[in-house]
Amino acid sequence: MFYKYYIFIRYIVGIYLLLLVNSCLTDYLSLDGNQWHAINQNKSVKIGAKVPGSIYTDLRTAKIIPENLYFTDNDVKLRWVSYDNWTYERTFSVDSSLLNKQNVYLVANGIDTVSTVRLNGQLVGQTDNQFVRYRFDIRSVVKSGPNTLRLDFQSAPLYARQKSREFQNKYNYTVAPDCPPDQYHGECHYNFVRKMAASFAWDWGPAFPTQGIWKPIGIEAYNGAIIRDVTVETIANRSKVPVEWSLTVQVFVESAANRQLDGLFDIQLDNQQLLANKLIKLKTNDKGESTALFVLPILSSHTSIEQWFPNGVANNTQKLYDLNVQLTSSSAAPVEISAVSRQIGFRTIELIQEPVKPEGLTFYFRVNGLPFFAKGSNWIPANNFMEDLTEPYLRHLLSSAKQANMNMMRVWGGGVYESDLFYRLADEYGIMIWQDFMFACSLYPANQEFLETVRTEVIQNVRRLQYHPSIAIWAGNNENELGLASWWTHLPQYPPDYRKLYADTIGQAVALEDTTRPFVPSSPSNGLDTIRENYTAANPGDTHYGDVHHYDDLADLWDWRSAPNARFVSEYGFQSFPSLETLMQAFPDQELVYPLTPAVEHHQHKEFEDQIIDGQIGSYLIKPSKGSIDRLNDFIYSSQLIHAMSMKTQTEYYRRNRKVDDKGNGHTMGALYWQLNDIWPAPTWASIESTGKWKVLHSYAIRFMANHLVTPYEDSDQQLKIDFVRDDYLGMLSFNYTIRLYNWSQCLPVRTITGHFLSNSFSVTEIYSQSIPDLLKTVDTKCRTRADCVVSIDVYNSDHSIHANNFMLLTKPNQAKLVKSNLRVISVHKQQQHVSGRTDKPLKYMFDIKLSADSVVPFVVVDLKPKSGLTGQFVDNGFFIFDGNFTATFQTSDPDISGQQISDNLIVKTLTDVK
Ligand code: BMA
């Protein structure tokens, strides 16, 4: 206690002394805002512009291009924007105090992408990597009076084409692939420009190859030095109870090149002083960088640290601590202070790859020493125009992931390293991040110039993001090792180029910058076994090792046996159509008919995929007939059910398959479906539409990713088996189960079977096994065939604090003897209690929607009429009504929505409504 006071008093005295000698903060002049102009090459267009921003949104604001950039084929119609070369320009003036500083730098956190930077007509630098922060020395150029900053951009697709040509001329080979499939309406050679690959189009999104200043830009001026980044390592001493931690803090400092400086460092954790006035002699390298490293023990007698856990794991707390680091440049006159603040979490993370019999290695994560099953999805860029991405929308996406019981999300390699806000929200919501480096579905050049810019990109982004407790793993790229083994096998240069990039450049940089996390060279990869095979495995999708991506659109998608018995499935998916409400944002009403029109097909980038969706609907459900908007709605409804059921089938299997059988099958410890979010209104793999609306899949994910899952399945010899999966660490518990067999035509079960079982923490337990024909025989005429009946299962623990339920179909729905039930809405009521989060989170208002039916009703979808103007989500969807009643929940953050409005706009749909 006394020590605490001593440190505190010393700190206060220190600050006072500093102020006495006239200290000041380093200067920062922001150049963000709307004082910019954008001008095209022939100067026919000159408009006001905004930073951070991009040319498309600036032209939209100026009303030169339409408001709705994602409308029908605007992606193609507006491509001229990206073929022009744009100039961004603004004037500004500076204070004389800034001019007198020894170091004056223009710092651009993100330039998109290829530009020449001039200040007052003088060249100060060039940029060619969207993912890199640039720092240009402008001390001798900046002046009093008006200054003019000008960035001359080059068209990114034209630059990429030119770079690819130059590469071919110089090295005599091309770097595959050249151009995307025609259906993408995309641009070629994204591998030759360090820019969001998906901005050249993807199989789920349009090409909008932007130009502009996409992150903050400004002038930093100081005499001493500034803190650029802070990285941390939290090391647990688990032999002590409570666990004692040591915190390693590395401070990255910038100043002029090759300078010696005295730096006084202060570090606080949640206002507790961990380090006071520590003098470090700093020496910058020729890039002007230096570091200071501190190892700070946190004794439990001082502070008892609460560990950070992912969503739903162990005690499920995402405790964050404020880490404040301050550097006082005492050799500067007057004394200067640079201070940064980071929110950190205390946790350890490990990737376990240990041999298993008969073949292979495990591949799973341990957080704070506990194994957890990674449940989640893949993240794509949420907008082509990052300036359009708002905090409420990001919160909506990440909190929706949390609500669906996800604990991990993969930031896929064809997008961007996401914003600081994105990772802060992931920290807050407990979503662990599998972070790809931004390389996807392509080979890349490996000449010196390219490797150098990648090295800078990796170092900067790892240092920027490293302190986030949410980040679990770094991965070199998306599917490039797979491509090397499967598609791009023809050139001897490719494997060595691949190794230069992912092993020698990215892998080595990560190893130096972040010792706290694992690195895998690619996704999918065989993990350690890929490295044993010199980074280019013959079969990177080997299910005995590492992670796999699994797509088989033509398979029997509702049969778990179509899924691979793999260690970790980091991608699996199927497409569906977004709701009418979302489609209406992109298409005029006359296009909203079934079969699909060419205008709607324009947003389908995957060849034959609409026919495949149709085929899958025909195989399980009822194919909608031709017609207007209602028939299209039938098709949307059906496509979303196929989608939700196929992801349910696979995910439940992956979770059951954690259990190892006597042949050594099992060990699955991760399931991240493809994909969480969308970029525009289109048929894609997403569970959340581009308007933020949940598809049926998202509601299903809440259940199939819940910590307690009861999962029925049919095994060989028509055996019905039911497993109970527990992801909690609550110890041995006792549970009861109730299995009900229903005839489709009535609400009372024709047979009820009960039982109980014990299961332990983090386990998979088989709770029931019975031959389906034998089971049906026991109810005689009520379930003469499989088509007559359906099964529901409930599991409870003794105090009912844990409840899981599920259903099991005994035939495909289109073979089942469904009856048209009298399905009706009984009432819509606002719940008295709102789900409130902390003050920084929006309130959620909940409504109960009571439904009633006279027989079993499968796949009930509740929705609001398009154009209702009401925003929110139905939490349950695609549900079954077994015993005549069901209460669905609607949640919204809009306090003004009333039960009556919901009731007036409610649409309830089931399978027998499809015409
Ligand atoms: C995967 C991804 C993406 C793609 C998705 C769907 O392989 O890595 O490149 O969008 O499949 O095809």
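Note: the structure precedes this text.
Summarised in this report is the structure supplied together with it. Since the structure is predicted, the reported quantities are computational estimates derived from the model, not experimental observations. (Residues numbered from 1 in each chain as written. Predicted model: local features only at pLDDT ≥ 70, side-chain atom pairs only at ≥ 80, totals over all residues. Heavy atoms only, no water.)

Scanning all chains against the criterion turns up 2 disulfides. Covalently, Cys 179 is tied to Cys 188 through a disulfide, its sulfur atoms 2.1 Å apart. Since a negative S-S torsion denotes a left-handed disulfide, the Cys 179-Cys 188 link at about 105° is right-handed. Take Cys 179: its relative accessible area is 43%, and that puts it in the partly exposed class. With its sulfur 1.8 Å from that of its partner, Cys 783 forms a disulfide with Cys 789. The sign of the -85° torsion about the S-S bond sets the Cys 783-Cys 789 disulfide as left-handed. (Disulfide = S-S within 2.5 Å. Buried < 20%, exposed > 50% of the residue type's maximum accessible area, 1.4 Å probe, protein only.)

This part is about the site of the ligand. Surveying the vicinity of the ligand reveals the residues Trp 202, Asp 203, Trp 204, Trp 412, Cys 441, Asn 478, Glu 479, Tyr 551, Glu 571, Trp 674 and Trp 685. Here an oxygen atom of the ligand sits 3.0 Å away from a polar atom, N or O, in the side chain of Trp 202. Between the ligand and Trp 412, the relevant distance is 3.1 Å, taken from an oxygen atom to a side-chain nitrogen or oxygen of the residue. Bound to the protein, the ligand loses 91% of the 300 Å² it would expose on its own. Looking at side-chain class alone, the shell around the ligand contains 7 nonpolar, 1 polar and 3 charged residues. (Near = heavy atom within 4 Å. Polar contact = N/O pair within 3.5 Å; in protein donor to acceptor, adjacent residues only side chain to side chain. Areas by Shrake-Rupley, 256 points an atom, 1.4 Å probe, with all protein chains shown as cover. Nonpolar A, V, L, I, M, F, W, Y, C, P; charged D, E, K, R; others polar.)

To continue, consider the sheet that holds strand 46 (residues 885–892). Read from one edge to the other, the open sheet built from 4 strands follows the order 41-42-46-44, with strand pairing classed as antiparallel. The two strands at the open ends of the sheet, each matched to only one other strand, are strand 41 (824–830) and strand 44 (873–874). With 6 bridges connecting them, strand 41 and strand 42 (residues 845–852) associate as antiparallel partners. The partner of His 829 across the bridge, within strand 42, is Asp 848. (Pairing = 2+ DSSP bridges. Helix = DSSP H or I, 4+ residues; strand = E, 2+ residues; numbered from the N terminus.)

Time to look at the packing of helix 7 (residues 391–403) against helix 8 (residues 420–429). As a packed pair, helix 7 and helix 8 sit with axes 10 Å apart at the nearest point and diverge in direction by 35°. You can see that helix 7 and helix 8 cross each other, and the crossing is right-handed. Residues Glu 391, Leu 394, Arg 395, Leu 398, Ser 399 and Lys 402 of helix 7 form the contact with helix 8, whose own contacting residues are Leu 421, Phe 422, Arg 424, Leu 425, Ala 426, Glu 428 and Tyr 429. When the residues that make up the contact of helix 7 with helix 8 are grouped by side-chain class, the tally is 7 nonpolar, 1 polar and 5 charged. (Axes fitted to C-alpha atoms, helices over the stretch in contact; angles between N-to-C directions. Left-handed = near helix turned anticlockwise from the far one by under 90°. Contact = heavy atoms within 4.5 Å.)

Here the focus is the packing of aromatic side chains. This model, assessed by the stated rule, comprises 58 aromatic pairs. Relative to Phe 568, the ring of Trp 434 lies with its centre 5.6 Å away and its plane at 40°, an arrangement referred to as tilted. Here Trp 434, found in strand 28 (residues 432–436), pairs with Phe 568, found in the loop between strand 31 (548–550) and strand 32 (569–572); they are 134 residues apart in sequence, far enough to count as distant. Accessibility classification places Trp 434 together with Phe 568 in one group, the buried group. Centre to centre, the rings of Phe 807 and Phe 859 are 6.1 Å apart; their planes meet at 85°, and the pair counts as edge-to-face. Taken together, the residues Phe 807 in strand 40 (residues 803–809) and Phe 859 in strand 43 (residues 857–864) connect sequence positions 52 residues apart. Its guanidinium or amino end placed over the ring of Trp 560, Arg 656 lies 5.6 Å from that ring's centre, counting from NZ or CZ. When the ring centre of Tyr 713 is taken as reference, the NZ or CZ atom of Arg 656 above it lies at 3.8 Å. (Phe/Tyr/Trp six-rings, centres within 6.5 Å; stacked < 30°, edge-to-face > 60°. Lys NZ or Arg CZ within 6 Å of the ring centre and 35° of its normal.)

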